[in-house]
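Report on the structure
Here is how the chains run, residue by residue.
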Amino acid sequence: MSSPPEQHAALFVLQRWRELCGGAGPWWTRATEVGVRLRLAELRDLSEANRDGAVRVNGVVEKLLNEVKALLESEDPYLAKRYPEIAGYASKLKHTSTKGFVPGALGPGLLKAFLDHLDQPEYVQGLVAHLAAVVDSAGHSQVDFRRLDDLVCQLDAELVYNRHSRSWREAVLAEVEVRYAKDGSLANAILDTLDAHHHGRVREFVVLTPLTDLSEESNTARLRGIQVQPAIEIIREWAPENADEVLKTVSAAQAVSHFPNVEAADPDAAVRIVDKQLRSAVGAWRLMGRKVADPTVAVVYDTHTTKTHVLELPSEPLEVRPPGVEQWRPGEDDPSGRLNDALDQLAQARTAPPQTAFVDLWTAADALYGGVADDPGWHAGDVMAGLGQFVYARDVHLWLAGRAEAAGLGAAPEGGEVEWIVSQLTSDAPGLDKALADAGDAIGWARFKLITAWDGGSGLRNDFDRLVNRLVSVCDRAYLIRNFAVHRAEVRGPALEIVLPAFAGLVAAAVGHSLAAKTDDTLADALAAGLTARSVAYDFKAKRSKAPDGLEPMLSA
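Residues numbered from 1 in each chain as written. Predicted model: local features only at pLDDT ≥ 70, side-chain atom pairs only at ≥ 80, totals over all residues. Heavy atoms only, no water.

**Describing the overall build of the protein chain**
Scanning the protein chain for helices and strands turns up 24 helices and 7 strands. The burial tally for the protein chain puts 51% of its 557 residues in the buried class. For the protein chain, restricting intrachain contacts to residue pairs at least 6 apart in sequence, the fraction spanning at least 24 positions comes to 74%. When the accessible area of the protein chain is evaluated, it comes to approximately 24200 Å², of which 50% is carbon and sulfur surface. (Helix = DSSP H or I, 4+ residues; strand = E, 2+ residues; numbered from the N terminus. Buried < 20%, exposed > 50% of the residue type's maximum accessible area, 1.4 Å probe, protein only. Contact = heavy atoms within 4.5 Å. Areas by Shrake-Rupley, 256 points an atom, 1.4 Å probe, with all protein chains shown as cover.)

The structure is reproduced here in structure tokens:
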């Protein structure tokens, strides 16, 4: 790599962070970390559920406890170094049993104290400083970039835990990139930008959403506790500088739902809160026989900055489009209708509130990969995680082909991108290495090195193992949220926001594979794909085959 290691590492962090903030499908699949505070909050909430008899949690608690113990005992025990006062928690947690895991017991008490200790601005500040230190000390090894990947994913998850929206994180990142380009200090760029964007400061917003009552009944009626009144009365009351501009978007005489005291971390987060309430209210109104058009915009007034924003509804729709769905022919390709039903569920999940989206996604996943109703031996999450290896091997080559094109190595033929990049890897790997380096594509270079490390050894199997462990963890959390957090959505908001994009990406990728396979037996096909991936990885480890020919069973599918 032609750039200095620390510059390359910083570029990797920024490029990976942009990937996490984006709304598009998996990189594979999205985050490697869910954040420390979420792990602790999960266990706190489960102890309360156990006390109330709301859920049988013993097996879940043991699994999540082991994650926290491993976190505190890792080879890079950042938490213990940063917070020496909690270094003893790990040893005490070793003796924590799942029996009697209720508030007031030793284990939940330790975890709650730990969470309270971390739930301060200093925690994220320290995490940023640690990330910057790792950037400064990084070399060009896969271990270094895996460590950076985990840390930037952890930072992003902690920002989500503070209830910040995807749009807010994208805006923060854009400014971080500008600041870093000016002074070269990654820590200062991140910390200064977070402060400028009011990180972690929950504040009050006023939100309006225009309503159209198609039944021509009174628009001044109260809508299930939501105040409805003419827009001009409220907007003029704010006296914002752009009131006239806002009134061009929202007719002055139009009735609006008025949410006067929305507590949120940023404008888009406020809209997400309102969007959920409004959907529920409009649904109830329709149940009463009223005909109400779905609102398409929200006007948000930030009482702290006195700025007004006009934002689209639904807020930040979920990206769940399966690859290849554009070529899908419902009548011809799916005689049984099961894949069509799954696509219907994905379409509903796209614009549904997070808790409803989890139910829609699991309905699709269970229908295709969960086995029959009385066969609990097959868990849809495990099946999709196994299938993920197969799809990932092809996806990483397709992704790298796009990066190689952008780096100026030529144009891949449409439909032949995988074959083209395999040819580049086989005939001119040094040229691809240099092109990515010269283009400043740190994340492309890191994944190029990942693929070349697969060749004829245990690299592919290790990569698959890490992937499967991560995907199973995503599915386990999504399953827990579906069965528990859906009923406590306000409490479990961070879990919904952190886990949902990764789970949605995995389900969409799995369904995309099944659409391409055009088979009614989606479970058998998914299991066969997972077995093929493990077989290829075993052959690599045993040195019976090497790339690219050894990957042909997956890359040509």
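Moving on from the coordinates now.
**Quick notes on unusual backbone geometry**
Residue tryptophan 28 is joined to threonine 29 through a cis peptide bond whose omega torsion reads -15°. Counting through the fold element by element, threonine 29 comes out in the loop between α1 (5-21) and α2 (36-52). Despite not being glycine, arginine 163 shows a phi value in the positive range, around 75°. Here arginine 163 shows up in the loop between α8 (142-161) and α9 (166-183). Phi at lysine 518 is positive, roughly 55°, even though this residue is not glycine. Locating lysine 518 in the fold gives a position in the loop between α22 (493-517) and α23 (522-541).

**What to know about the packing of helix α17 (residues 380-406) against helix α21 (residues 459-483)**
Between two packed helices, what matters for the description is the angle formed by their axes and the separation of those axes. Their axes nearest at 9 Å, the elements α17 and α21 cross at an angle of 140°. Viewed along their axes, α17 and α21 adopt a mutual orientation that is oblique. Between α17 and α21 lies a crossing whose hand is right-handed. Residues Gly381, Asp382, Met384, Ala385, Gly388, Gln389, Tyr392 and Ala393 of α17 touch α21, and the partners they reach there are Asp463, Phe464, Leu467, Val468, Leu471, Val472 and Cys475. Split into classes, the residues belonging to the contact of α17 with α21 amount to 10 nonpolar, 3 polar and 2 charged. (Axes fitted to C-alpha atoms, helices over the stretch in contact; angles between N-to-C directions. Parallel < 35°, antiparallel > 145°, perpendicular 65-115°, else oblique. Left-handed = near helix turned anticlockwise from the far one by under 90°. Nonpolar A, V, L, I, M, F, W, Y, C, P; charged D, E, K, R; others polar.)

**Points about the nonpolar core**
In terms of nonpolar packing, the biggest core is built from 145 residues, with Trp17, Leu148, Leu361 and Phe503 touching the most fellow members. Core analysis: the second largest hydrophobic core is formed by 17 residues, Phe259, Val262, Ala269 and Leu313 among them. (Core = buried A, V, L, I, M, F, W, Y, C linked by side-chain atoms within 4.5 Å.)

**Description of the packing of aromatic side chains**
Each aromatic ring pair is specified by the distance between its two centres and by the angle formed by the two planes. According to the stated counting rule, one finds 10 aromatic pairs in the structure shown. For the ring pair tryptophan 362 and tyrosine 479, a centre distance of 5.6 Å and an interplane angle of 75° mean the geometry is edge-to-face. Of the two residues, tryptophan 362 sits in helix α16 (residues 354-369) while tyrosine 479 sits in helix α21, which places them 117 residues apart along the sequence. Take tryptophan 362: its relative accessible area is 0%, and that puts it in the buried class. The partly exposed category is assigned to tyrosine 479, whose relative accessible area is 35%. Ring centres 4.9 Å apart and planes at 35° place the aromatic pair tryptophan 362 and phenylalanine 503 in the tilted group. (Phe/Tyr/Trp six-rings, centres within 6.5 Å; stacked < 30°, edge-to-face > 60°.)

**Digging into helix α13 (residues 267-287)**
Look at α13: 30 Å from first C-alpha to last across 21 residues, which is about the 30 Å you get at 1.5 Å a residue. Residues of α13 that are buried include every one of Pro267, Asp268, Ala269, Ala270, Val271, Val274, Asp275, Leu278, Ala281, Val282, Ala284 and Trp285, and no others. One or two residues past the end of α13 sits glycine 289, with phi positive at roughly 100°. (Expected span 1.5 Å × (residues − 1).)

**Some details on the confidence of the model for the protein chain**
The share of residues in the protein chain with pLDDT of 70 or more is 84%, and the mean pLDDT across the chain is 83. Confidence over residues 218-222 falls short of pLDDT 50; this stretch has 8 contacts with residues more than four positions distant or in other chains. (pLDDT = per-residue confidence, 0-100.)

**Here's the deal with the packing of helix α7 (residues 121-137) against helix α10 (residues 186-196)**
Taken N-terminus to C-terminus, the directions of α7 and α10 make an angle of 155°; their axes are 8 Å apart at the nearest point. Between α7 and α10, the interaxial angle falls into the category roughly antiparallel. Considering only the axes of α7 and α10, their crossing is right-handed. Between α7, through Val124, Gln125, Val128, Leu131, Ala132 and Val135, and α10, the contact on the second element is made entirely by Leu186, Ala187, Ile190, Leu191 and Leu194. When grouped by side-chain class, the residues that make up the contact of α7 with α10 number 10 nonpolar, 1 polar and no charged.

**A closer look at the environment of glutamate 312**
Here glutamate 312 lies in strand β7 (residues 308-312). We classify glutamate 312 as exposed; its relative accessible area is 64%. As a C-alpha pair, glutamate 312 and valine 297 span 15 residues in sequence and 4.4 Å in three-dimensional space. Setting aside its immediate chain neighbours within four residues, glutamate 312 contacts Thr296 and Val297.

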